[in-house]
Amino acid sequence: MQLNLPPDIETLINKRLSSGAYSDVEDVLRCALEAQDAEESLTDEERRALSAHIEQGYLQAERGELIDGEQARREIQAMKEDWRPSKR
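Within each chain, residue numbers correspond to sequence positions counted from 1 in written order. Two thresholds apply to this predicted model, a pLDDT of at least 70 for residue-level local features and 80 or more for giving and counting side-chain atom pairs, whereas whole-chain, interface and lining totals are computed over all residues. Side-chain measures were taken over the full set of non-hydrogen atoms in the model, leaving aside hydrogen atoms and water.

> It is not clear to me how the layout of surface pockets should be interpreted in this structure. Could you clarify?
Gaps between atoms show up when a probe of the same size as a water molecule is rolled over them. In this model, the largest pocket occupies a volume close to 390 Å³. Along the wall of the largest pocket there are 15 residues; nearest its centre are Y22, C31, A35, K80 and W83. Secondary structure follows DSSP: runs of H or I at least 4 residues long count as helices, runs of E at least 2 residues long count as strands, and numbering of each begins at the N terminus. Of all the secondary-structure elements, those providing two or more residues to the lining of the largest pocket are α2 (25–40) and α4 (69–83). Here the lining of the largest pocket takes 6 residues from α2, the largest share from any one element. Residues are grouped as follows: Ala, Val, Leu, Ile, Met, Phe, Trp, Tyr, Cys and Pro are nonpolar; Asp, Glu, Lys and Arg are charged; every other residue, Gly included, is polar. Partitioning the lining of the largest pocket into residue classes produces 10 nonpolar, 1 polar and 4 charged. Site definitions follow a grid-based scheme: protein atoms alone, a 1 Å grid, a 1.4 Å probe that fits but cannot get out for cavities, and for pockets an open set with protein on both sides within 12 Å along at least five of seven lines, plus lining residues having an atom within 4 Å of a point. Grid points are joined across faces, edges and corners, and a volume is the space filled by probe spheres set on the points.

Shown next, in the form of structure tokens:
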């Protein structure tokens, strides 16, 4: 399959590739589609729980309960690795 992408979408894909978090264009698109599918499948209860979790984080940040950027990146990377299906 070949796709004709508008320049702004191509720029977004290239930005994701340059981050080092993705191995190729297929990986970028697969993750984006899986994330969209996961978001669409959320129940109202799950959406409320997610919103509450975000609000909790916001309040922690207001209180100064923050972690440094490097620690945040490590934690996020670990969560992404747990979330992504294993590649075989």
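From this point, things continue past the structure.
> Please clarify how the packing of helix α1 (residues 7–18) against α2 should be interpreted in this entry.
If you want to describe how two helices pack, look at the angle between their axes and the distance between the axes. The interhelical angle for the contact between α1 and α2, taken along N-to-C directions, is 105°, at an axis separation of 10 Å. Comparing their axes, α2 and α1 come out roughly perpendicular. The segment α1 lies against α2, with I13, R16 and L17 engaging V25, V28 and L29. Residues that form the contact of α1 with α2 fall into these classes: 5 nonpolar, no polar and 1 charged. Axes, fitted as lines to C-alpha atoms, cover a helix only where it is in contact. Angles between the N-to-C directions of the axes lie from 0 to 180 degrees. To sort the angles, those under 35 degrees are grouped as roughly parallel, those over 145 as roughly antiparallel, those from 65 to 115 as roughly perpendicular, and the leftovers as oblique. In this description, contact between two residues means that some pair of their heavy atoms is separated by no more than 4.5 Å.

> What is the right way to read the environment of L5 from this model?
Note that L5 resides in the segment before α1. Relative accessibility under 20% of the residue-type maximum defines a buried residue, over 50% an exposed one, and the middle range a partly exposed one, all with a 1.4 Å probe and only protein chains included. Residue classification places L5 among the partly exposed residues on the basis of a relative accessible area of 36%. On a C-alpha basis, the gap between L5 and S18 in space is 18 Å, while along the polypeptide they are 13 residues apart. Here L5 is in contact with E10 and I13, once residues within four sequence places are set aside.

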